[in-house]
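These are the residues of each chain, in order.
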Amino acid sequence: MSARENKDTTYKIQVMRDILAKKLTRSVVGSLVACVHCGMCNEACHYVLTHPDEPKMTPSFKADQLRKLFKYNYDWTGRVIPWWVGAKEPLSDADLEALKDIAFGTCTNCRRCTLNCPMGVDTATLNRIMRGLLSAVGVMPEGVRVVSKDQWEVGNQMGVLKEDYLETLDWMSEELVNEVGDESARIPIDKPGTEVMYTINPREAKYDPRTIAAAAKIFWAAGESWTMPSEGWDQTNFGLFSGDDQLGGASARRVYEKMKELGAKRLVISECGHGYRSTRCEGPNWVGIDQDWEMESSVFTMLRYLQEGRIRVDRNKLDRRTTYHDSCNLARSCGITEEPRELLRMVSNDFVEMVPNRAENFCCTGGGGAMSMSEYTPRRLKSAKVKADQIAATGAKIVVTSCHNCVDGLSDLIKHYKLGCEVKQLVELVADALVIEDCAVMRKSKAVVEMPKPALPLHGRRILVVDDEPDVRVFLRTVLEDAGAEIYEAPDGDHALAMARKHKPDLITLDLSMEGKDGVSTFAELRSDAEIAGIPVCIVTGHPEFRELIYQRAVPVPDGYMDKPVKDAELVDNLHRILGLAEHHKAPD
Amino acid sequence: MAERKVGDKIIKVIRGDITDLPVEAFVYDITADCKLSSGYGGAIASRGGKAIQDELATFGTLATGEATVTSGGNLKAKLIIHVNGPKFHEPDTKVKLARTVQSALRQADENGITVVAFPPIGAGLYQVPLDLSAKVIVDTVSEHLKNSTTIKEVLLVAFDAREYKPFEVAINGGN
């Protein structure tokens, strides 16, 4: 230890140094050294937008706190020219408290700044590391301490005791059995060898078990072989928020071990942004294991049931305007943007997009554990103005989201800003829209559940391929013809519109960046011409950044999106799915 | 089930929720302010009732390494031995942890306990490495059982498989 380090070091700072050393992967160091303080991230941050006079709200300032520590201890610039590069360490408990306020109280780790950084700096990851360093020495908001301790010792982050959890499931079973008049609708617990093991957010068991009943109703209606576990049922993971990878691993491992024990084939994760990210994406890394079962969000499960005809819904049951709020963890971190919308359109006649949306959507402001840190509530609600304005502009009466954290964050800001709408999840809307007499459970026979598949997935379909690159058109034509489709081709927007009007194809694949009339203008014209407006369109583009332009148009959004280069099977599957959905939409009319 | 015999006494590793065990006493790792807080503390408060926190309030504070006893309220356990173990990487964690376990065992003896249950003290939120916690507890308990004591059985209670393994390794002489 050098003389410099001896001077002001306490054991806490030494612990933080040691842990930071283990975190310095190539990507982390890249983010630590790559920031040029250009300020691009500022416009992306809801804290900056609502606190324009506070430089401490800027993402780069927040990340700089870790940079100082890194440079002071591990980067040569900090050793040679510390005064120039700002190399510095916290010197006292007061310094640590100040860092706590920054890392926990001014950032929800929503990753919007990360996505908008031209240098690829992952500020959210740096902030999470700082949280982890502080948590390791016991410096954290009381709410984080309470929730983490619950998850460590009781097995779920809301401290729901096993007997209370099981009693809640029993209660929901009774309600459901009474509602549908079928004893087999009871929620199975620890049933071995099922197709599905369903996990939840403890908020469902503790505060709003209606979503458990709604999911149970859907599983029952679909005739699914499923179970809920008596332990390892908490898919959420406060380790993601506190920065404690040990907690992250311990929590994920409990779920995985229960899956192994019960021998279920698929883990279905209820609508929860950070729960999905933790269990599906981060968990295997924290635990350090591979697993041989599928893991999916219940959004995918519900969509699949509809596509397979296992359940049927009537979207006319919902008569209020809806909009969709993208959870940061689902959309920005896990790329789930289209499936929730497909599902929502199936149960809502009046759906409008929130702008901006998808990966560019703003945080609900309750993410990153913010709802558990009551000391920061005034600041959180002030930062929620951005989100409140987004919601108000839609005129929606129901804000739909696939995340429990978002449900709480949005409900809080809706109340605070008096927006006069409510928050619901897809599982509730789908359960409410079920047409039970047309669901698998009423058909009794598994055989009629499975829809007969044509020999070729696109047999008899007429598809217009629009792309200015001949090679791409040849590729698309070859793949789609092999799948049974009849193909028309257009090299630009004008030809595409003419051919669409002439041939009325079943579907159009549309490039965005083209010579002459581009894809965005072509799409807007397509959707504005009543004669061809109903033809499903799948965007196939090498410029995903142009998607935003599509959503700024006041026309119904495309039916699908694919980024180039596309893979044969994915292309066919996607188009097959879009065509199936289009028929589903037509059916009730 | 992993176990170790020390004379006519026995140490066993089991899986379960320590606050829901039908034992004479179990150990709870509390903070210096003697507040039950969340986690096992929340479970104790919820299952055991308000009386336990009321009893704790009469003690004031508890220094690191020390232990005190309350009733089990409505819990299945008769007594709870509250210890204040080392937390968050504080210096001399190993020594302090051993002293904490000794304090708990002394309280068990003073209250005539024959069966006492231990969690992996300090592991989890408080960041004491699980391997270290398991080894120190097994070594300290084993040493204590060699002497005159009212204790006949010590249960090492793992909440999940992750906690079970280090106890098993330690009790089999590894680690």
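Just so we're clear, the structure is a prediction, and the values are computed from it rather than from any experiment. (Residues numbered from 1 in each chain as written. Chains lettered and ligands numbered in written order. Predicted model: local features only at pLDDT ≥ 70, side-chain atom pairs only at ≥ 80, totals over all residues. Heavy atoms only, no water.)

Engineer: Just to check I follow, could you spell out the overall build of chain A for this structure?
Structural biologist: What chain A contains, in helices and strands, is 31 helices and 13 strands. Computed over C-alpha atoms, the radius of gyration of chain A comes to 26 Å, within 12% of the 25 Å expected from 2.2 N^0.38 for 589 residues, which places it in the range of a compact globule. Dimensions of chain A, computed from the C-alpha atoms along their principal axes, are close to 80 × 65 × 45 Å. For chain A, with 589 residues in total, the buried portion stands at 59%. Sequence separation of 24 or more characterises 76% of the internal contacts of chain A that already satisfy a separation of 6 or more. As displayed, chain A has an accessible area near 23700 Å², and 51% of this comes from carbon and sulfur atoms. When the 75 positive and 89 negative side-chain charges of chain A are each reduced to one mean point, those points stand 3 Å apart. (Helix = DSSP H or I, 4+ residues; strand = E, 2+ residues; numbered from the N terminus. Rg over C-alpha atoms; globule rule 2.2 N^0.38 Å. Buried < 20%, exposed > 50% of the residue type's maximum accessible area, 1.4 Å probe, protein only. Contact = heavy atoms within 4.5 Å. Areas by Shrake-Rupley, 256 points an atom, 1.4 Å probe, with all protein chains shown as cover. Lys, Arg positive; Asp, Glu negative; His and termini not counted. Charge placed at Lys NZ, Arg CZ, Asp CG, Glu CD.)

Engineer: Got a minute to help me understand the pairing of strand β4 (residues 294-297) of chain A in this structure?
Structural biologist: Where a strand is regular, its side chains alternate between the two sheet faces. Residues and elements named next belong to chain A. Pairing of strand β3 (residues 266-269) with β4, which is carried by four bridges, proceeds in the parallel orientation. From the neighbouring strand, Leu267 faces β4, where its bridge partner is Met295. With helix α17 (residues 273-287) bridging β3 and the parallel β4, this β-α-β connection has right-handed handedness. (Pairing = 2+ DSSP bridges. Right-handed = clockwise from strand over helix to strand, strands pointing away.)

Engineer: How should I be thinking about the domain arrangement of chain A in this particular structure?
Structural biologist: Along its sequence, chain A is organised into domain 1 (3-140), domain 2 (142-452) and domain 3 (462-586). On a C-alpha basis, the centres of domain 1 of chain A and domain 3 of chain A stand 45 Å from each other. (Domains from an automatic or database assignment.)

Engineer: Can you walk me through helix α5 (residues 161-171) of chain B in this structure?
Structural biologist: For an α-helix, 3.6 residues make a turn, and residues three or four places apart therefore share a direction. Those residues of α5(B) that sit buried are Arg162(B), Glu163(B), Tyr164(B), Pro166(B), Phe167(B), Ala170(B) and Ile171(B). Immediately downstream of α5(B), the backbone of Gly173(B) shows phi near 90°, a positive value.

Engineer: Please clarify how the environment of Asp438(A) should be interpreted in this entry.
Structural biologist: Residue and element names in this part refer to chain A. Along the polypeptide, Asp438 turns up in the loop between α24 (426-433) and α25 (440-443). Assessed through its relative accessible area of 33%, Asp438 is described here as partly exposed. Taking the C-alpha atoms as reference points, Asp438 and Gly309, separated by 129 residues in sequence, lie 8.6 Å from one another.

Engineer: Whenever I open this one, the sheet that holds strand β1 (residues 196-199) of chain A confuses me. Can you help?
Structural biologist: Working definition: the strands of a sheet are paired by backbone hydrogen bonds and lie parallel or antiparallel to each other. All names here are of chain A. The parallel open sheet is built from four strands, whose spatial order is β2-β1-β3-β4. Either end of the sheet is taken by a strand with one partner, and the two such strands are β2 (226-227) and β4. The pairing of β1 with β3 spans four bridges and is parallel. Note that in β3 the partner of Tyr198 across the bridge is Val268. Packing against the sheet, helix α16 (residues 245-262) makes contact with β1, β2, β3 and β4, and its axis sits at approximately 150° to β1. (Axes fitted to C-alpha atoms, helices over the stretch in contact; angles between N-to-C directions.)

Engineer: Sorry, what's going on with the pattern of salt bridges here?
Structural biologist: Should their charged atoms come close, side chains of opposite charge can pair. All names here are of chain A. One pass over the full model with this rule turns up 56 salt bridges over all chains. A salt bridge links Arg253 to Glu257; its shortest N-O distance comes to 2.7 Å. Residue Arg253 and its partner Glu257 are both found in helix α16; the two are separated by four residues, about one turn of the helix. For Glu257, a relative accessible area of 27% translates into the label partly exposed. Across the pair Glu422 and Arg320 runs a salt bridge whose closest N-O atoms are separated by 2.8 Å. Taken together, the residues Glu422 in strand β8 (residues 422-424) and Arg320 in the loop between α18 (298-307) and β5 (322-325) connect sequence positions 102 residues apart. By relative accessible area, Glu422 is classed as partly exposed at 30%. Among the charged side chains, a salt-bridge network with shared partners connects Asp326, Glu338, Arg341, Glu353 and Arg358. (Salt bridge = Lys/Arg side-chain N within 4 Å of Asp/Glu carboxyl O.)

Engineer: How should the sheet that holds β5(A) be read in this particular structure?
Structural biologist: Residues and elements named next belong to chain A. Pairing is parallel in the open sheet, where four strands are placed in the order β6-β5-β7-β8. Edge positions in the sheet fall to β6 (351-352) and β8, since each has one partner strand and no second. Bridging between β5 and β6 involves two bridges; their strand directions are parallel. Each bridged residue has a counterpart across the sheet, and for Thr322 the counterpart in β6 is Phe351. Lying on the sheet, helix α23 (residues 404-416) is in contact with β5, β7 (398-401) and β8; it crosses β7 at an angle near 155°.

Engineer: Would you take a moment to explain the environment of Leu105(B) for this structure?
Structural biologist: All names here are of chain B. Structurally, the position occupied by Leu105 is in helix α3 (residues 93-110). Residue classification places Leu105 among the buried positions, given a relative accessible area of 0%. Between the C-alpha atoms of Leu105 and Val27, which are 78 residues apart in sequence, the distance is 9.4 Å. Apart from residues no more than four positions distant in its own chain, Leu105 is found in contact with Phe118, Thr140, Val141, His144 and Ile151.

Engineer: Please clarify how the pairing of β1(A) should be interpreted in this entry.
Structural biologist: All names here are of chain A. By the alternation rule, side chains of β1 split into Val196 and Tyr198 and Met197 and Thr199, which are all buried. Of the strand pairs in this sheet, β1 and β2 are connected by two bridges, and their pairing is parallel. Bridge pairing in β2 links Val196 to Trp226.

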